[in-house]
Amino acid sequence: MSIFETIKKRRTIVPALFNNESVKRSDIEQLLEAANWAPTHRRTEPWRFKVVQGQVKDDLGLFLAKKYKVIAKKFSRVKQAKIMEKMNQSSAVILICMQRDPNESLPEWEEIAATAMSVQNLWLMATELGLGGYWSSPKMINYMHEFLFLEKGERCLGLFYLGHFEGERPERVPGDIADKVEWL
Ligand SMILES: Cc1cc2nc3c(=O)[nH]c(=O)nc-3n(C[C@H](O)[C@H](O)[C@H](O)COP(=O)(O)O)c2cc1C
């Protein structure tokens, strides 16, 4: 598959579309290896990943569901149940974290941008391996330090739900690039 084909094939695949097949550890390692080749200003390599599976994944689901209840402006039992459901439907969840350079030699946005580029690498690799993934950034990620140890300056930017799926990838045609470009 050419890089452009993989880019166009990459889609958000929600956990409801995953099947029960476990994602192999070697596949997850390949995703992480791809992530690690992202560009990075001053080579700070700010991306950090926590691979969550098994009992810890169940615990994470429970933590997020409880935290949702505490912080939700308009609590919905259905939404709360969906948090647990997504966790159960996923073979693994990768927490996307960013470690700020201790010397703050770069603005934070550059560290976030580099981390996002590493996620794109991971997501494209998942596409090539036939895996589905979904980057979710609920407000609860701001409380992740209550669930697991985060280093000083480390921040959680989302959850990447991962699983096998069957069938067609959802279609999405982006808006016209010509509307977003000026040739000067
Ligand atoms: C930084 C980031 C955060 C995201 N957070 C969420 C989220 O919280 N909930 C959600 O439904 N989708 C989230 N998404 C996924 C987008 O909804 C999805 O990428 C978009 O609908 C385009 O679909 P595609 O990924 O199939 O191209 C996020 C995507 C990015 C890049």
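Residues numbered from 1 in each chain as written. Predicted model: local features only at pLDDT ≥ 70, side-chain atom pairs only at ≥ 80, totals over all residues.

## Re the overall build of the chain
Alright, step 1. Across its full length, the chain carries five helices and four strands.
Alright, step 2. Element order for the chain, N to C, with α for helix and β for strand: α-α-β-α-α-β-α-β-β.
Alright, step 3. Over its C-alpha atoms the chain spans a radius of gyration of 17 Å, differing by no more than 12% from the 16 Å that the globule rule assigns to 184 residues.
Alright, step 4. Seen along its three principal axes, the alpha-carbon backbone of the chain occupies a region of about 50 × 45 × 35 Å. (Helix = DSSP H or I, 4+ residues; strand = E, 2+ residues; numbered from the N terminus. Rg over C-alpha atoms; globule rule 2.2 N^0.38 Å.)

## Points about the sheet that holds strand β1 (residues 47-52)
Alright, step 1. Across the sheet, which stays open at both edges, the four strands sit in the order β1-β2-β4-β3 with antiparallel pairing between neighbours. Each edge of the open sheet is held by one strand with a lone partner, namely β1 and β3 (131-136). Within this sheet the neighbouring strands show an average axis-to-axis angle of 25 degrees, counted without direction.
Alright, step 2. Taken together, the eight bridges between strand β2 (residues 92-99) and strand β4 (residues 154-164) define a ladder with antiparallel strand orientation. (Pairing = 2+ DSSP bridges. Axes fitted to C-alpha atoms, helices over the stretch in contact; angles between N-to-C directions.)

## Quick look at the site of the ligand
Alright, step 1. By nearness alone, every residue bordering the ligand is listed as Arg11, Thr12, Trp135, Ser136, Ser137, Pro138, Gly158 and Arg172.
Alright, step 2. A class-by-class count of the residues in the shell around the ligand yields two nonpolar, four polar and two charged. (Near = placed C-beta within 6 Å. Nonpolar A, V, L, I, M, F, W, Y, C, P; charged D, E, K, R; others polar.)

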